[in-house]
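Summary of structural features
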Amino acid sequence: MAAIPPVIDLNCDLGEGFGAWTMGDDDALLDIVTSANVACGFHAGDPNIMRRVCRKAAGNGVAIGAHVGYRDLAGFGRRAMRVAPEDLINDVIYQIAALDGFARIAGSRVSYVKPHGALYNTVAVDGEQAAALVEAVHRYDPHLAVLGLPDSRVLQAAHTRGLTGVAEAFADRAYDQQGRLVPRDIPGSVLHDVDAVVARCTTMVLHGKVTSLLGTTVTLTPRSLCVHGDTPGAAEMAREVKRALLEAGVTLSPFVEAH
């Protein structure tokens, strides 16, 4: 019996400008990806950007996710913070609701939540912060999915709370031996060679494996693959990753229904 071709979602962090400041090529990436993690104003993004990205995503049939972060506009949400659980719950609800308003105006809605930056790394290992983020999602809409690292505390918390947890892998970020992301201040943590990224993405999707920064093999089973929108050349990288996956017989489809 022939093997069933794998199905993968291609997601990207988008809408990460602010006012006159722009980051990444949102329009180009929205022609490539199947899911858009849209900044909600705390680490980046503003009402004009959120409305524009949601309109384009909805028009392209791209699923919209709330890319929620710590209240850290100056640090782009990449600085670790200790936030009281109830404060984090309210901050996350606030961000989801803001983006969901613009998504609904565009004829779509927020379908999932993905934490950003320092919050993403924290909820991968911190049970209290993970539980707070999941509680916020559940209070807002228990039908929303949560996107995170495989076997992370946040996906465990999502499962416990009855939410759908979706595992993702990163096209352009290095992994350590435990399958966690290598901190950005370590050389080699962000990958820029398009050919190398394409090769490792194909291996991750087809074989469920990736080579860590130290050369060990890490097993992972992603349903979604992320290309960072702020990585230089992100659109070209995403386009080449998509091309290679399609040529390998992979089906590209959002992990949630795009409205």
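Residues numbered from 1 in each chain as written. Predicted model: local features only at pLDDT ≥ 70, side-chain atom pairs only at ≥ 80, totals over all residues. Heavy atoms only, no water.

This next bit is on the nonpolar core. Core analysis: the biggest nonpolar cluster contains 78 residues, and V68, I96, L99 and L225 have the highest contact counts within it. With seven residues, the next largest nonpolar core counts A63, L147, V166 and F255 among its residues. (Core = buried A, V, L, I, M, F, W, Y, C linked by side-chain atoms within 4.5 Å. Buried < 20%, exposed > 50% of the residue type's maximum accessible area, 1.4 Å probe, protein only.)

Taking burial as the measure, the five residues of strand β2 (residues 35-39) include five buried ones, the bulk of the element. Here β2 shows no split at all, with S35, N37 and A39 on one side and A36 and V38 on the other all buried. Sheet topology places strand β1 (residues 7-14) next to β2; four bridges connect them, and they run parallel. Within β2, the residue paired with N11 across the bridge is S35. In terms of strand pairing, β2 meets strand β3 (residues 63-68) through five bridges, oriented parallel. (Helix = DSSP H or I, 4+ residues; strand = E, 2+ residues; numbered from the N terminus. Pairing = 2+ DSSP bridges.)

For the rest of this paragraph, the subject is the side chain of N11. Positionally, N11 belongs in strand β1. Within the structure, N11 has its side chain in polar contact with the side chain of E168 (distance 3.1 Å). Once you skip the residues sitting within four places of it in the chain, N11 turns out to touch V33, S35, N37, K114, L147, E168, S224, L225, C226 and V227. (Polar contact = N/O pair within 3.5 Å; in protein donor to acceptor, adjacent residues only side chain to side chain. Contact = heavy atoms within 4.5 Å.)

A few words now on helix α3 (residues 85-105). Given 3.6 residues per helical turn, the α-helix brings residues three or four places apart onto the same face. End to end, α3 covers 31 Å across 21 residues, agreeing with the expected 30 Å (1.5 Å per residue, within 8%). In this fold, the buried residues of α3 make contact with β2, α2 (47-60), β3, β4 (110-115), α4 (117-125) and α5 (127-140). Two residues or fewer after α3 comes G107, characterised by a positive phi angle close to 90°. (Expected span 1.5 Å × (residues − 1).)

Once that is clear, we can look at the state of the cysteines. Across all of its chains, the model carries zero disulfides by this definition. Of all cysteine sulfurs in the structure, the one in C40 sits closest to C54, which takes part in no disulfide; the separation is 8.5 Å. Looking at the unpaired C201, the closest cysteine sulfur is the one in C226, lying at 10.0 Å. (Disulfide = S-S within 2.5 Å.)

Before going further, it helps to examine the packing of aromatic side chains. Tallied over the entire structure, the rule returns four aromatic pairs. Relative to F76, the ring of W21 has its centre 6.4 Å away and its plane inclined at 90°; by these criteria the two rings are edge-to-face. One end of the pair, W21, is in the loop between β1 and α1 (26-30); the other, F76, is in the loop between β3 and α3, and 55 residues separate them in sequence. Seen from their ring centres, F42 and Y94 are 5.7 Å apart, and the 40° between their planes marks the pair as tilted. In this pair, F42 is assigned in the loop between β2 and α2 and Y94 in helix α3, connecting sequence segments 52 residues apart. On the basis of relative accessible area, F42 is assigned to the buried category, the value being 6%. (Phe/Tyr/Trp six-rings, centres within 6.5 Å; stacked < 30°, edge-to-face > 60°.)

The contact between α3 and α5 brings their axes to 8 Å, and the two run at 40°. When the interaxial angle is binned, α3 and α5 end up oblique. Two packed elements cross with a definite hand, and for α3 against α5 that hand is right-handed. Two secondary-structure elements touch here, α3 through P85, E86, L88, I89, V92, I93, I96, A97 and D100 and α5 through E128, Q129, A132, L133, E135, A136, V137, R139 and Y140. Residue classes in the contact of α3 with α5 are distributed as 12 nonpolar, one polar and five charged. (Axes fitted to C-alpha atoms, helices over the stretch in contact; angles between N-to-C directions. Parallel < 35°, antiparallel > 145°, perpendicular 65-115°, else oblique. Left-handed = near helix turned anticlockwise from the far one by under 90°. Nonpolar A, V, L, I, M, F, W, Y, C, P; charged D, E, K, R; others polar.)

Turning to its location among the elements, G45 is positioned in the loop between β2 and α2. Note: C-alpha distance between G45 and L73 (28 residues apart in sequence) is 9.1 Å. Once residues within four sequence positions are removed from consideration, G45 is found in contact with G15, E16, G17, F18 and A39.

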